[in-house]
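Each chain, written out:
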Amino acid sequence: MKFKNKGRKIYKTKEKNYYGKTPAGKAFSVGLTILLLGGLGFIGYSVAEPLVNYSKKKGDKDAVSPTSAVSTTENTELTTTIPAETEPGIIPPQGVEFEAYKGAALKETDLLNIEALELAIGRLPTGQGIEYIAVPLKISGGAVYYSSEVFYAGPAKAFPEMLTLEQIISAIEKAGYKPAAIVSTFNDNLLPVTDGSCGYRTYPTDEQWIDNDVAAGGKPWATPYSDLAVSYNADVVSEISSAGFKKIVCSDLVFPRFRQSDLEILNPELSTSARSMKMTAAANMFNDRILKNGSSMFIEVSAADIIMGNDDILQPMLLNVNTVVLDINIDELSSGVYTEDTVYDFSGTVPEKAEKAVNMVEDELSEFNIVIRLSGNSCSMMDFVEARDSLVNKGYDSFILG
């Protein structure tokens, strides 16, 4: 509901003239007012400038308009005008560019060999403005789908012989696209098996925590509280970005969905909001590694996770990354999204489900640039295209299909 602005009521009162009604008194009053206003203006400028500079995050660009957090079809590229003359020693403002991201994502099975990769690229729809092809190089669960030199990636390789990063990049560029990568980070069930210190430990007995009973297939998770786990993921994204992938989408920057019984035996900080600082610190480290190699990082967050409140990573004041990929997984939404006291039903067509998800979470993402990812094994590429088109009409023109 929107509230109308009825305006501010102005109450007039009679003021006493403390300086009398003589010409000299009036002149003194005017002079004092000018000095007071000038002093307030100087103080306000002096204080406001440092505060503005302090509030900016590394990698942020100057704000151009209140709607710059969401790319629109009418405003995909904006540049500031550089003044013709500047004062000595002052650097003129640089161009501010907002580039729409348009991509498609392949599946991990498309990376089994070069023939499978080329075939998958050839199946992508033409005429959809796709510029980037994103490949899942480390997937949820921890499996690595490329030939990595990172030490702990060896035991995590999906197959003994995988494609090299150079082979993957060559196939993508040969087809006329730009290479991007998707890297799952802390939803890693393999790393804590290789090294138990990389997973969650019970407190204070220091035993390995798993997310369910062993009989029910419980698995350990990697944790941002482990320096080794953070370093491993940082080495992976560094290796990928240095090979020539210009966009790195880091997914699964999440904590497990702990039950109350879990929290009672784990680090007490995991029961507080302070835990978000560990996750954002890890993300900032990944971002630093990626930036050093001339690439850029996106953070992928599931729409379902945001609805359920499992979105610790969304801390714009702590993050140095300002672009979020909103993953709208149609399969996940179609099963319903459950919170402690509510079940959210997602029925209807694929575009209707996608629009409902965006409407529910977009306020949480208001301080970020947004890329919409449409995914799910039950959907065809044309389903994704139709959903994308419906969201373009809402002003979202950055997307990943698949």
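Presented here is a report on the structure given in the accompanying data block.

**A word on empty space enclosed by the protein**
Okay, step 1: According to the stated counting rule, one finds one cavity of 30 Å³ or more in the structure shown.
Okay, step 2: Reported here for the largest cavity is a volume of approximately 30 Å³.
Okay, step 3: In this structure, the largest cavity is lined by I372, L374, R388, L391, Y396, S398 and F399.
Okay, step 4: Residue assignment for the lining of the largest cavity shows that the elements contributing at least two residues are β9 (369–375) and α11 (381–392).
Okay, step 5: The class makeup of the residues in the lining of the largest cavity is five nonpolar, one polar and one charged.

**Focus on the sheet that holds strand β1 (residues 102–105)**
Okay, step 1: Spatial strand order, β1-β2-β3-β4-β5-β6-β9-β10: eight strands in a closed barrel with parallel pairing. Taken over all neighbouring pairs, the strand axes of this sheet differ in orientation by 30° on average, direction set aside.
Okay, step 2: Strand direction decides the pairing type here: strand β6 (residues 323–329) and β9, joined by seven bridges, are parallel. The residue bridging V324 from the neighbouring strand is I370, located in β9.
Okay, step 3: Most of the contacts of helix α5 (residues 227–243) go to strand β3 (residues 178–184), to which it runs at about 170°, and overall it touches β2 (132–138), β3 and β4 (247–251).
Okay, step 4: Helix α10 (residues 350–361) contacts β6 and β9 of the sheet and is inclined by roughly 135° relative to β6.

**As for the nonpolar core**
Side chains of a nonpolar character, in soluble globular proteins, are inclined to be buried together.
Okay, step 1: Among the nonpolar cores identified, the biggest contains 95 residues, and L137, I168, I240, F245, L253, L326 and I328 are the most heavily contacted of them.
Okay, step 2: The leading source of residues in this core is α5, at seven residues.
Okay, step 3: Once residues within four sequence positions are removed from consideration, L253 is found in contact with T185, F186, M279, A283, F286, M297, I299 and I313.
Okay, step 4: Membership of the second largest hydrophobic core comes to eleven residues, among which are Y101, Y132, A134 and V249.

**Some remarks on helix α3 (residues 165–174)**
Okay, step 1: The set of residues buried in α3 consists of L165, I168, I169, A171 and I172. All buried residues of α3 lie within an arc of 165° about the axis, which places them on one face of the element. Away from its buried face, by an angle of more than 90 degrees, α3 presents the exposed residues E166 and K174.
Okay, step 2: Elements that come into contact with the buried residues of α3 comprise α2 (114–122), β2, β3 and α5.
Okay, step 3: Positive phi shows up at G176, right after α3, with a value of about 90°.

**Section: unusual backbone geometry**
Okay, step 1: In this structure, P204 follows Y203 across a cis peptide bond, with omega equal to 5°.
Okay, step 2: For P204, the position within the fold is in the loop between α4 (191–194) and α5.
Okay, step 3: Positive phi, close to 55°, is recorded for D252, a residue that is not glycine.
Okay, step 4: Within the element layout of this structure, D252 appears in the loop between β4 and α6 (260–263).
Okay, step 5: On the accessibility criterion, D252 (16% relative accessible area) is buried.

**Things to note about the pairing of strand β5 (residues 296–302)**
Okay, step 1: Most of β5 sits inside the fold, with six of its seven residues counted as buried.
Okay, step 2: Where β4 and β5 come together, four bridges link them in parallel fashion. Note on β5: the bridge partner recorded for C250 is I299.
Okay, step 3: Two elements, β5 and β6, share four bridges in a ladder whose sense is parallel. Opposite V301, over in β6, you have L326 as the bridge partner.

**Here we look at the environment of L137**
Okay, step 1: With respect to the helices and strands, L137 occurs in strand β2.
Okay, step 2: Separated by 28 residues in the primary sequence, L137 and L165 have C-alpha atoms spaced 9.1 Å apart.
Okay, step 3: In this structure L137 touches L111, A143, V144, Y145, Y146, L165, I168, A181, I182, I240 and F245, once residues within four positions along its chain are discounted.

**A few points about the packing of aromatic side chains**
In this description, a pair of aromatic rings is defined by centroid distance and the angle of the planes.
Okay, step 1: Overall, the coordinates contain eight aromatic pairs when judged by the stated rule.
Okay, step 2: Taking 6.3 Å as the distance between ring centres and 80° as the angle between the ring planes, the aromatic pair formed by Y152 and Y232 counts as edge-to-face. Taken as a pair, Y152 in the loop between β2 and α3 and Y232 in helix α5 lie far apart in primary sequence, 80 residues in all. In this structure, Y152 and Y232 share a single accessibility class: buried.
Okay, step 3: Counting every residue linked through ring pairs, the aromatic cluster contains Y101, Y132 and F298.
Okay, step 4: The ring of F399 carries the charged tip of R388 above its face, separated from the ring centre by 4.7 Å.

**Brief notes about the pattern of salt bridges**
Okay, step 1: Under the defined criterion, the tally for this structure stands at ten salt bridges.
Okay, step 2: Across the pair R257 and D305 runs a salt bridge, and its minimum N-O distance is 2.7 Å. You can see R257 sitting in the loop between β4 and α6 and its partner D305 sitting in helix α8 (residues 303–308), a full 48 residues away along the chain.
Okay, step 3: Here D312 ties to R275 by a salt bridge, and the two come within 2.9 Å at their closest N and O atoms. On the criterion of sequence distance, the pair formed by D312 in the loop between α8 and β6 and R275 in helix α7 (residues 275–292) is long-range, its members being 37 residues apart.
Okay, step 4: Through salt bridges that share partners, R257, D305 and E332 make up one connected network.

Thresholds applied
- Residues numbered from 1 in each chain as written.
- Predicted model: local features only at pLDDT ≥ 70, side-chain atom pairs only at ≥ 80, totals over all residues.
- Heavy atoms only, no water.
- 1 Å grid on protein atoms, 1.4 Å probe; cavity = no way out; pocket = protein on both sides within 12 Å on 5 of 7 lines; lining within 4 Å.
- Points joined across faces, edges and corners; volume = space filled by probe spheres on them.
- Helix = DSSP H or I, 4+ residues; strand = E, 2+ residues; numbered from the N terminus.
- Nonpolar A, V, L, I, M, F, W, Y, C, P; charged D, E, K, R; others polar.
- Pairing = 2+ DSSP bridges.
- Axes fitted to C-alpha atoms, helices over the stretch in contact; angles between N-to-C directions.
- Contact = heavy atoms within 4.5 Å.
- Core = buried A, V, L, I, M, F, W, Y, C linked by side-chain atoms within 4.5 Å.
- Buried < 20%, exposed > 50% of the residue type's maximum accessible area, 1.4 Å probe, protein only.
- Arc of directions from axis to C-beta.
- Phe/Tyr/Trp six-rings, centres within 6.5 Å; stacked < 30°, edge-to-face > 60°.
- Lys NZ or Arg CZ within 6 Å of the ring centre and 35° of its normal.
- Salt bridge = Lys/Arg side-chain N within 4 Å of Asp/Glu carboxyl O.

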